[in-house]
Amino acid sequence: MFRLTRQSVVKFKQHVAAQAPCLQRASDILSQRCLSTGTSLPESADVVIIGGGSAGCNTLYQLTKRGIRAVLLEKAKLTAGTTWHTAGLVWRLRPNDVEIQLLASTRNLLMRLEEECGHNSGWINNGGLFISHSDERLDEYKRLATLGKCFGIESQVLTPDEAQKVFPLLDPSAFTGALYSPGDGVVDPAMMCTALTRAATANGGLIVEDCSASKIVTGENILGMKDVRGVVTNKGTIRTNTIVNATGVWGRDLIEPLGIHLPLIPMKHAYVVSETIDGCHQMLPNIRDHDYSIYFRIQGKSICMGGYENNPVLLNKVPEDFHFGLYDLDYSVFDTHIQGAVKLCPTFGSAGIKSTICGPESFTPDHKPLMGPDPIINGLFHNCGFNSAGMMLGGGCAEQLASWIIHDRPDLHMFAYDVRRFTPKQKKALNWATERSHEAYAKNYSIVFPHDEALAGRNFTVDPFHKQMIQYGAIMEERQGWERPGYFLPEDTVVVQPYDWYGNYDHPRNINTNYEEALKKDYTFGFPEHHDLIGEEAISCRHNAALFNLSYFCKLFLTGSQAKEAAEWIFTADLNKPVNKTIYTCALNKRGGVEADVTVSLVESGQGELHDPIFKGRGYYIVAGGASAYQTKSHIWSAIQEKAFRAVVSDHTEELGVLSLQGPKSREILQKITDFDLSDEEKLPPNSNAVVRIKINPYYSCNVRILRVSFVGELGYEMHIPEESCNDVYNALMKAGYKDGLRNAGYRALYSLSSEKGYHLWNNDLRSDDTPVEAGLGFTCRKKGDYQGRTVVDRQLENGVTKKLAFFTLNEQVGVLRDSKLYQFR
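A quick note: this is a predicted structure, and the numbers were derived from the prediction, not measured.

## Notes on the side chain of Ser-551
Relative to the helices and strands, Ser-551 is located in the loop between β25 (546-549) and β26 (554-559). Here Ser-551 falls in the buried class, since its relative accessible area comes to 1%.

## Examining the pairing of strand β3 (residues 70-73)
Residues Ala-70 and Leu-72 line one face of β3 and the alternating positions Val-71 and Leu-73 line the opposite face, and both faces are buried. For strand β2 (residues 47-50) and β3, the ladder comprises 4 bridges, and the chain directions are parallel. Along β3, the bridge assignment pairs Ile-50 with Leu-73. Once you follow β2 into helix α2 (residues 54-65) and on to β3, the crossover reads as right-handed.

## Thoughts on a nonpolar patch on the surface
Judged by side-chain polarity, Phe-808, Leu-810, Val-814 and Val-816 come together as a nonpolar surface patch covering roughly 450 Å² of accessible area. The class for Phe-808 is exposed, based on a relative accessible area of 72%.

## Focus on the pattern of salt bridges
Tallied over the entire structure, the rule returns 45 salt bridges. Its salt-bridge partner being Arg-479, residue Glu-453 comes within 3.1 Å of it at the nearest N-O pair. Here the residue Glu-453 occupies a position in the loop between α12 (430-442) and α13 (466-471), and Arg-479 occupies one in strand β23 (residues 474-479), the gap between them amounting to 26 residues. Given a relative accessible area of 8%, Arg-479 falls into the buried group. Between Arg-458 and Glu-483 there is a salt bridge whose closest N-O contact spans 2.7 Å.

## Focus on the packing of α2 against helix α10 (residues 390-407)
In the contact formed by α2 and α10, the axes pass within 8 Å of each other and the chain directions differ by 45°. Classed by the angle they form, the pair α2 and α10 counts as oblique. By crossing handedness, the relation of α2 to α10 is classed as right-handed. Contacts between α2 and α10 involve Ser-54, Asn-58, Thr-59, Gln-62 and Leu-63 from the former and Gly-390, Met-391, Gly-394, Gly-395, Ala-398, Glu-399, Leu-401, Ala-402, Ile-405 and Ile-406 from the latter. Partitioned by chemical class, the residues of the contact of α2 with α10 number 7 nonpolar, 7 polar and 1 charged.

## Observations concerning helix α8 (residues 331-344)
The terminal C-alpha atoms of α8 lie 19 Å apart, and with 14 residues this matches the ideal 20 Å at 1.5 Å per residue to within 8%. By the burial criterion, the buried members of α8 are Val-333, Phe-334, His-337, Gly-340, Ala-341 and Leu-344. Where the residues of α8 are buried, they touch β6 (128-132), β15 (265-274), β16 (286-289), β17 (294-299), β18 (302-307) and α9 (346-351).

## Here we look at the sheet that holds strand β12 (residues 226-233)
Strand order in this open sheet of 3 strands is β11-β12-β13, and the pairing throughout is antiparallel. Looking along the sheet, the strands with just one partner apiece sit at the ends: β11 (213-220) and β13 (236-239). Recorded for the sheet is a direction-independent mean angle of 30° between the axes of neighbouring strands. For β11 and β12, the ladder comprises 7 bridges, and the chain directions are antiparallel. Residue pairing for β12: Glu-220 is matched across the bridge by Lys-226.

Cut-offs and rules
Residues numbered from 1 in each chain as written. Predicted model: local features only at pLDDT ≥ 70, side-chain atom pairs only at ≥ 80, totals over all residues. Heavy atoms only, no water. Helix = DSSP H or I, 4+ residues; strand = E, 2+ residues; numbered from the N terminus. Buried < 20%, exposed > 50% of the residue type's maximum accessible area, 1.4 Å probe, protein only. Pairing = 2+ DSSP bridges. Right-handed = clockwise from strand over helix to strand, strands pointing away. Patch = residues over 30% accessible without salt bridge, like charges linked within 9 Å, V, L, I, M, F, W, Y side chains within 5 Å. Areas by Shrake-Rupley, 256 points an atom, 1.4 Å probe, with all protein chains shown as cover. Salt bridge = Lys/Arg side-chain N within 4 Å of Asp/Glu carboxyl O. Axes fitted to C-alpha atoms, helices over the stretch in contact; angles between N-to-C directions. Parallel < 35°, antiparallel > 145°, perpendicular 65-115°, else oblique. Left-handed = near helix turned anticlockwise from the far one by under 90°. Contact = heavy atoms within 4.5 Å. Nonpolar A, V, L, I, M, F, W, Y, C, P; charged D, E, K, R; others polar. Expected span 1.5 Å × (residues − 1).

And the structure:
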């Protein structure tokens, strides 16, 4: 099944020849490499990088550049695995600032490497063309061009005839327009890795090839948490407290013996190389035709063509010794690309295929890399799962990872790549990861509309109200594995169907396509078809009352003998308040960036119920947004570990439902089902909480914890309800509010309402690279007592800031996008 083609052998020999001089470690910085196959391991290192592909070589370079004593272990030869056979495309345009900066970092590095180390990085600046076949696709490209201008990236929208002048082999009648980015290019992976490792070894880095890591050695810290102690290899053991998993398609296999998992799925990914084509030369631009799901890369006088199909070949595992191997190309899978390529470039169809490259690549559920510190094992970092984009993202991501390792946080807001965007439950569920990774692969070149939703891996985690949401017409969304209501159809019931794999792999297509049809009504960059319906939900909240299901929100109890010290260190606000006070606050990193904005309720030991647990001393009930729940929990726990506080974090997210009753009539509706006097401002003033008894019927009542807070700016109450009572409380509320116009409302209305009030949404208008002062949240930062990040906050309060979050009121009705989907692009 596996084969190494003659061309692959030749290419491999060329790679080895290009990398012939390699490192021999000595006490002084060495300027020349020699083969490291026989090099013995040092006894210890600051950082050990496992994997010698693009990710590993870039990481070694960035760490050694910063004076870190780093060692790279490669089980075969550098570039083995997926790097050596990559197409090497490097694009510049992306629809968010973070990815644009990552791409710019890679490109800048490639352009300066030769001057730095004396070896050509393999970079060719031949430009790039994005091909459009529809007005909607061209709208997407125009958005890319607009954002690119903010970062000084030159681009032009071209007519088909203008695009043909840039790439004469194109048929201008086959498409409707194009976006030209002259700063794009390609890179040779072998030359790039050689240049990176030469520079790294000159800075004292060590590379050991033919060195396989068989075991990551761990121990336990004083809090009983696992941490890294070293690596066992076929050449001995090396002590270290920091390991980078840069093993690509083997990234999941390396760490599973430790009992931890990554949502990383290997697949076969291919391209073909044409015979020589007249008029083809190296400086023709790269082509990316998203509608035909193909790309062109020029290789001499030939065209390399590949793409993303709906039925990629999924792999369970890649054999350990599959270093420079290739698979036979399955033309029944690949033929769809050839058809599109011939339409776009007729001469490609008559040129013939010279060779095929089909190798393993690693893919993830959202087509984004897996990076950052592992939340389970201290000292273990990940830098893998690059979804065939390791060449273009590798340099920028390694730069951020180096900062992550040295300074605890990256310079940019990297949540879209942070491994903590997935929960342990998601990472362990191989079937879920496979479904989602397949769909992400199949839709890689689809237009990314702001409110599109995945069809794969749905109903992974549902809250206690899920059935009732569906019965009331909810169109569900998914965030961090949870189903949540986006908005409600007044006279319809729409159920998310099991994933049908788009009819591939002998799966029949779903007969019920109501959910897919509902999603298609959101396929626009303007106002969607359901815009007015969502507006009605928002207006109901403003004038009457609306009920929001916030059950997927993160719900934590912080307790223990040093819970007070831990809370004061983690959170910026003054928590020295009376019991039952609820406080909005931020949690910062060491650079003063906002890692989370949460409410912290001061509580005392209760009756032993889920919402009212028994504990010693004062406790803190922490509620945070659900889309970043695991990141919030990990940040809190990491701060506790670093300071060795004797404190416990208990996660009640799946055990408690949350209903948020908001609007001018919320008090009178809620008062109908409780004897607690809600109008008594001393018992339950704004920003407070209390345990309240809810009357379900004359014979049955239950206790809930009520927080008098609002994310939409109206009078309102959050009810935190034990799972077994959720359905009863929901039904009682809907019955009590029927005559007052109470209606269900979803997150689309919620975010619109909160945005109008100028409230923040973490990972969108509030990020980890924003400080509270920059975000207009300086009021959350107390003046007394120390907390993480306070030095930066105090300095900004004294000296001012260079950026500030601003709010604007628009006179014209224009669609303004806030949802996190805006920050995804394939």
